[in-house]
Every structure is written in structure tokens, then in C-alpha cells.
Amino acid sequence: MSIEAIYNRRSIRKYKSKEIPIDILNKILDAGRTAPSGKNRQPWKFVVFGGIKKEELLSKMDAGIQRELNEEALLPNSRYGIPDAKNTLRIMKEAPIIIMVFNTNGKSPFENIATADERFTEIVDTLSIGAAIENMLLQAEDLGVGTLWIANTCFAYDELVNYIGAKTQLVGAVALGYPDGKPNPRPRKTPDSIIEYRL
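Throughout, residues of each chain are indexed from 1 in the direction in which the sequence is written. Where local features are concerned, this predicted model is filtered to residues with pLDDT of at least 70; where side-chain atom pairs are given and counted, the filter is 80 or more; whole-chain, interface and lining totals use all residues. The basis for every side-chain value is the complete set of non-hydrogen atoms in the structure, without hydrogens or water.

## A short note on the pairing of strand β4 (residues 169-177)
On any regular strand, side chains alternate: one points to one face of the sheet, the next to the other face. Here β4 lies mainly inside the structure; eight of its nine residues are buried. One bridge is not enough; two strands pair if DSSP finds at least two bridges between them. Here a helix means four or more residues in a row that DSSP labels H or I, a strand means two or more in a row labelled E, and each is numbered from the N terminus. Bridging between strand β3 (residues 146-150) and β4 involves five bridges; their strand directions are antiparallel. If you follow G146 over to β4, its bridge partner there is G177. Burial classes: relative accessible area under 20% of the type maximum marks a residue as buried, over 50% as exposed, and values in between as partly exposed (1.4 Å probe, protein chains only).

Dropping the structure here:
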């Protein structure tokens, strides 16, 4: 992966219908596999969906969004995010590949965490999974594949994990496909607003 990929990467929301060759997909996934992780736990699992299986998966996500909007809301204080989740679903339908990302040590966010030790373990594992996702995004950029990392799976959490048959924590998803255009860079905070030196 090149340093340029860090600065050139964009979140892609429009994709061409062109399929991603399996060898390219494997390189992207392998970059995730080689990420650093706390205590070398490697807490990630990637479940890859395409074609009819992707359509089935996304129908479950759509059902969860509709339930959250019209029936029993599991995230009532996050209802303002439903329009964005619907737009994310539209993007996911356009992308040829969706990678669902799991924390193999994690519990459902709807279960209580009993101890501070468990909370810190979850934080460290989530940081590790973030590193794996970023590795995949940067490898994809180097290979000419566009990506969008997705957290809006939260609105259909139960529907998605039940469909997949997962017994671990769903962290989110990554959409992959060849970009149909490249967006301009989004604004970033200035270094002085986020960096504090104590040397």
C-alpha cells in the first residue's frame, strides 16, 4: 500500500456495475487480515456478499430500517439517522460487493457489559477491527477499487445477524466496487485544533 493512498482515498457512493475479480478481492481482504491487533487477538471476521446473496442480505437490512421507522425502534434516540441509513442502503445495492465485519469476541450491543475489563477488551478489539478496515480501504485504493465503510447496519442489527447466523458482534460493513467518479476531498479539522504537544 502506498502513502498516497491515505491522501487519495475517498468514500465512494456511486459504483459501476463492473465485477471485482476474486484475486483483487482476496488482496483487499488479506490486507485486513494482516492488521495489528491488541494482544494479537485478531478479533475480526469478514463475511463477503455478492449477487443474489447480497440482495437477500440487503432485503434484511431494508426490513430492519422499516421496523425501526414504523414499528418497535431499538434505537429510538437515533431515529434522525434513518434517512441516511436509507441512502446507505441504496449505495450498498449499487456496490457489487459488501463485506460484513464482525468482532469475534464481542456481544450484541443490546446486551449489557458486566465489567470494566470487558468494556476495555471491547474497546481494544474495536480499535483492532478499525485498523483492519482501514488496511482494506487503503489496499482497495491502491488497486483502483472504491470503498465506503458503513455503520448504518446498526438500524437492522438483529435482522442482519439473524440472517447471517452470526453469534458474535456485527461492527459494520464495507461496500466495494469500481468508482463511478471521484468526489472532492471533504473538509478536515486543522492540525492545531486536534493536536496538543506536551514535549
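## Thoughts on the packing of helix α2 (residues 22-33) against helix α5 (residues 116-142)
Relative orientation of the contacting elements α2 and α5 amounts to 145 degrees, with a least axis distance of 7 Å. Crossing geometry of α2 relative to α5 is assigned as right-handed. Here α2 contributes K27, I28, L29, A31 and G32 to the contact with α5, which in turn contributes A132, N135, M136, Q139 and A140. Partitioning the contact of α2 with α5 into residue classes produces six nonpolar, three polar and one charged. Throughout, an axis means a line fitted to C-alpha atoms (over the contacting stretch in the case of helices), and angles, computed between N-to-C directions, take values from 0 to 180 degrees. Note on convention: the crossing is left-handed when the near helix lies turned anticlockwise from the far helix by less than a right angle, right-handed when the turn is clockwise. Throughout, a contact is declared for two residues whenever any of their heavy atoms are within 4.5 Å. Charged residues are taken to be Asp, Glu, Lys and Arg, nonpolar residues to be Ala, Val, Leu, Ile, Met, Phe, Trp, Tyr, Cys and Pro, and polar residues to be all remaining types, Gly included.

## A look at the packing of helix α3 (residues 51-70) against helix α4 (residues 82-94)
How two helices pack is summed up by the angle between their axes together with the distance between the axes. The contact between α3 and α4 brings their axes to 11 Å, and the two run at 170 degrees. It follows from the interaxial angle that α3 and α4 lie roughly antiparallel. Where α3 abuts α4, its residues K54, L58, M61, D62, I65, Q66, E68 and L69 lie against I82, A85, K86, L89, M92, K93 and E94. Of the residues contributing to the contact of α3 with α4, the split by class is eight nonpolar, one polar and six charged. For classification, angles of less than 35 degrees are called roughly parallel, those exceeding 145 degrees roughly antiparallel, those between 65 and 115 degrees roughly perpendicular, and all remaining angles oblique.

## Some thoughts on a nonpolar patch on the surface
Exposure above 30% relative accessible area and the lack of any salt bridge qualify a residue for a patch; like charges then connect within 9 Å, and the nonpolar side chains Val, Leu, Ile, Met, Phe, Trp and Tyr within 5 Å. What sets the accessible areas is the Shrake-Rupley method with a 1.4 Å probe; for residues, cover comes only from the shown protein chains. For this document, the term salt bridge refers to a Lys or Arg side-chain nitrogen within 4 Å of an Asp or Glu carboxyl oxygen. Residues I194, I195, Y197 and L199 make up a contiguous nonpolar surface patch of about 560 Å² in total accessible area. By the secondary structure assignment, I194 is in helix α7 (residues 191-194).

## A closer look at the layout of surface pockets
Here a cavity is any set of points on a 1 Å grid over the protein atoms alone where a 1.4 Å probe fits but cannot get out, and a pocket is any open set with protein on both sides within 12 Å along at least 5 of 7 lines; a residue lines the site when it has an atom within 4 Å of a point. Grid points are joined across faces, edges and corners, and a volume is the space filled by probe spheres set on the points. When its volume is computed, the largest pocket comes out at roughly 440 Å³. The set of elements that each furnish at least two residues to the lining of the largest pocket consists of α5, β3 and β4. Among the elements that line the lining of the largest pocket, the one with the most residues is α5, at seven residues. For the lining of the largest pocket, the residue count by class is 14 nonpolar, five polar and three charged.

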